[in-house]
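# Report on the structure
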Amino acid sequence: MTRRYRSQDWFDNPDHIDMTALYLERFMNYGITPEELRSGKPIIGIAQSGSDISPCNRIHLDLAKRVRDGIRDAGGIPMEFPLHPIFENCRRPTAAIDRNLAYMGLVEILHGYPIDAVVLTTGCDKTTPSQLMAAATVDIPAIVLSGGPMLDGWLDGELVGSGAAIWKGRRRLAAGEIDNEKFLEIAAASAPSAGHCNTMGTASTMNAIAEALGMSLTGCSAIPAPYRERGQMAYETGRRIVALAEQDIRPSAILTRDAFLDAIVTNAAIGGSTNAQQHIMAMARHAGVEIHTEDWMKYGHDVPLLLNMQPSGKYLGERFHRAGGVPAVMWELEQKGKLRSQRLTVTGKTMAENLAGRETNDREMIWPFDAPLKEKAGFFVLSGNLFDFAIMKTSVISEDFRQRYLKQPGHEGVFECRAIVFDGSDDYHKRINDPSLNIDENCILVIRGAGPIGWPGSAEVVNMQPPDALIKRGINNLPTLGDGRQSGTSDSPSILNASPESAVGGGLAWIRTGDTIRIDLNNGTANMLVDDAEIERRKADGIPPVPPSQTPWQEIYRSTVGQMQSGACMELALEYRNVGAVLPRHNH
Ligand SMILES: CC(C)(O)[C@@H](O)C(=O)O
C-alpha cells in the first residue's frame, strides 16, 4: 500500500484546492506536469552541495544526474536544490561558521517545501555533518551520497596526499629545501582530479563516519570521485531513497547511540580527523542521542589503528577503496566484537549484514586487529586548569616525538614545557621566528582566541609549525595546544579543541608566555603550573580581546554557538526535533 506523503499536503489537498493551484502552477514552467506532482509518488530532494566555490563537492553537479535516474526508475520525482556552500580551504575566516548556517538553511528547506525524502550530497568536511544534523532535526527519510576523494597524487615517484603535502611543504620551505614554485607544484600534484581530500583528512573521515553510522550504502564513502563506481553508487542511492520514502525509514531509526559509538570506534581505527569529535557530538545531539565526554576514552581510545592511510599511515584513497574501504575496516572490528552492529542502516539491513564477507585482500592497507599499525589509537581526552576538555590525536604521534616527550626515563607519559602564547594566528605568524622568544625543544606553542566564539567559528590553526631555526635543526614538531582545531590531514600531535575557549574565560585566557605547562598522559591532565592566587590576579587583566564580528551571521553565530566539547552546536536548535512531521502553515 502506498502511503500518503507530506508533499501531498501541497499538491493533493482537497481541503485547499485553491492553494494547490498556486503550489502546482510554477513547477510547470520547467516542464513538470500536474499529473506527476499529483500522482502520489514521493518527491525526493537532492541537496546539492556542489558549485564552483565548493570544488571538493563539484562532482555532485554530474552525480546528481545519475541520482535523478535512480529516483525516476524507482518511482520517485527528483527535485534538486542548493545547499549553502562550505569550502574548508578557502573560506575566511573559517568554514566552521558555515556548518551551522548550512544546517539551518537545509532544515528550513526540508521543512518548508514539499519534500518527502532527501539525498544528502556530501564531500568536503562540514558538508557531511551539516546535512546529517539537518536530516536528524527534520527526520524525513534521508541517505548520504559521498562525492568521493580525488585520485591519488604523485610527484617525483612518490605519493603526495592533499593537505599533508601542504604541511610537509611548508616545513621544507622553512628549511630552505624547496622554493615557492616547487611548493606550488607539490600542492598541485596532491590534487589531481575532482573530489575531496585523498588523505584521511576531515572529508574522508566524515564520509567514513556517515557510512559507519549506517546513513550511506555499503562501500559508498571511499570510491574515488572519478571512478565509474561513483556514478553507479549515485544511481543506486537514488533508487534506494525511494524505497526509504516508501517504507518511511527515517534517520531517527538509524542514528542511535549504538550507531554513534560505532562511529567513534571506526574513527579511531581509520586514524580519523580530530574534527570528528565536534561533528559526532553535534550530529548526536541533533539526533537526541547522548554522547558523553567519557565515551571518547571508554569506547575509542583503546581501538588500534588499522588503516595505513596518510596522515597516520602511508597510502591514499584509491588504495583504500581497492582494499575494501570502510566496510573492510569495520569487518575487522566486527570480528572482535567491537561494534554494536545489530542496528538498522539505510540498506534496510543491519550493519552486521552489510559487513558480511567484506574482509580486505590488502593487508598492507588494512591491518589485522591483532597485529595493527598502532595500539590504542583513539583520541586521548585531557582536562585541567587550562580547560575542562581537549583531545590529542594519538595515531599521529611519531616515534621521534614519543622519544623526546613521552619516554623520558622515570617520567614516561609526562612532560613539562615552557609556554609560548599566541593570540590568534596573525600573532603566531608575526612572532614565531622572533629570536627574543628563545623557542627551543622545551617549549609548547599555545594558541588562543581560535575557538567558536573567539575566532569566530573555530579555526584550523593549532598545528603550529616550529620556528624555521628549529626546523633547520630537524625538529619538525613541537608540542602545541589551543582552543582551535587543526586540519585532519595534519600529523601534528596537538592538544586541541580546548573547551571552554579563552574567549569565554576558559583557563587558556589566564596563561602567560613563560609559564610551565605539565602534560600527564597517565592521568589525562594538562595544567599550567601557576598557583590559584596568581590566576585570580591575572583575571583582573580581563579576557584577551577577540576581533569584532564582520558580518551579521558572525554575530548571530557567536550568540548561539556552544563549545567544541559539546559539538559547537547552535544551542537553541537542539530544542527542535522531528520538524518534518509538523507541516508549516499555508502561505497565502
Ligand atoms: C585539508 C583541510 C582543508 O584542512 C581539511 O579538509 C581537513 O582535512 O581538516
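Report on the accompanying structure. Keep in mind that this is a model prediction, so the values were computed, not measured.

### With respect to the packing of aromatic side chains
The final tally for this structure, using the stated rule, is seven aromatic pairs. Note on Phe 27 and Tyr 30: the rings are 6.4 Å apart at their centroids and 65° apart in plane angle, and the pair reads as edge-to-face. You can call Phe 27 buried: its relative accessible area is 18%. Seen in terms of ring centroids, Trp 296 and Phe 379 are 5.9 Å apart; in terms of plane orientation they differ by 35°. Their pairing is tilted. With Trp 296 in helix 14 (residues 293–301) and Phe 379 in strand 7 (residues 379–382), the pair connects residues that are 83 residues apart, well separated along the chain. Residue Trp 296 shares its accessibility class with Phe 379, and that shared class is buried. Put simply, the rings of Phe 11, Phe 27 and Tyr 30 pair up and form one aromatic cluster. Taking NZ or CZ as reference, Arg 319 lies 4.3 Å from the ring centre of Tyr 315, over its face.

### Side note on the packing of helix 4 (residues 60–73) against helix 10 (residues 228–247)
Direction vectors running N to C along helix 4 and helix 10 enclose 40°, while the axes themselves pass 7 Å from each other. Note on packing geometry: the crossing formed by helix 4 with helix 10 is right-handed. Of the residues in helix 10, those in contact with Leu 63, Arg 66, Val 67, Asp 69, Gly 70, Ile 71 and Asp 73 of helix 4 are Arg 230, Gly 231, Ala 234, Tyr 235, Gly 238, Arg 239, Ile 241 and Val 242. Of the residues in the contact of helix 4 with helix 10, the class split is seven nonpolar, three polar and five charged.

### Quick look at the nonpolar core
If you look at the biggest cluster of nonpolar residues, it comprises 137 residues, and the most contacted ones within it are Leu 213, Phe 260, Leu 481 and Ile 519. With eight residues, the single largest contributor to this core is helix 5 (residues 96–112). Each of domain 1 (41–152 + 192–355) and domain 3 (379–541) gives at least three residues to this core. Setting aside residues no more than four positions away along its own chain, Leu 213 makes contact with Leu 132, Ile 254, Leu 255, Ala 259, Phe 260, Ala 263, Met 283 and Arg 343.

Quick notes on the rules
- Within each chain, residue numbers correspond to sequence positions counted from 1 in written order.
- Reporting of local features is limited, given that this is a predicted model, to residues whose pLDDT is at least 70; pairs of side-chain atoms are given and counted only at 80 or more, and all residues count toward the totals for whole chains, interfaces and linings.
- Just so you know, side-chain values use all the structure's heavy atoms and leave hydrogens and water out.
- Classification of ring pairs uses Phe, Tyr and Trp, with its six-membered ring standing for Trp, and accepts pairs whose centres are within 6.5 Å; under 30 degrees between planes counts as stacked, over 60 as edge-to-face, and the remaining range as tilted.
- Burial classes follow relative accessibility: with a 1.4 Å probe on protein chains only, a residue under 20% of its type's maximum area counts as buried, one over 50% as exposed, and anything between as partly exposed.
- Strands are runs of DSSP state E lasting at least two residues, helices are runs of H or I lasting at least four, and both sets are numbered from the N terminus onward.
- Geometrically, a lysine NZ or arginine CZ counts as sitting over a ring once it is within 6 Å of the ring centre and also within 35 degrees of the ring normal.
- Axis lines are fitted through C-alpha atoms, for helices just across the contact stretch, and the angle between N-to-C directions can take any value from 0 to 180 degrees.
- By definition, turning the near helix anticlockwise from the far helix through less than a right angle yields a left-handed crossing, and turning it clockwise yields a right-handed one.
- Contacts were defined at the residue level, with two residues in contact if any of their heavy atoms lie within 4.5 Å.
- Just so you know the grouping, Ala, Val, Leu, Ile, Met, Phe, Trp, Tyr, Cys and Pro go in nonpolar, Asp, Glu, Lys and Arg go in charged, and all remaining residues, Gly too, go in polar.
- Here the nonpolar core consists of buried residues drawn from Ala, Val, Leu, Ile, Met, Phe, Trp, Tyr and Cys, with membership extended through side-chain atoms lying within 4.5 Å.
- Boundaries between domains were set according to an automatic or database domain assignment.

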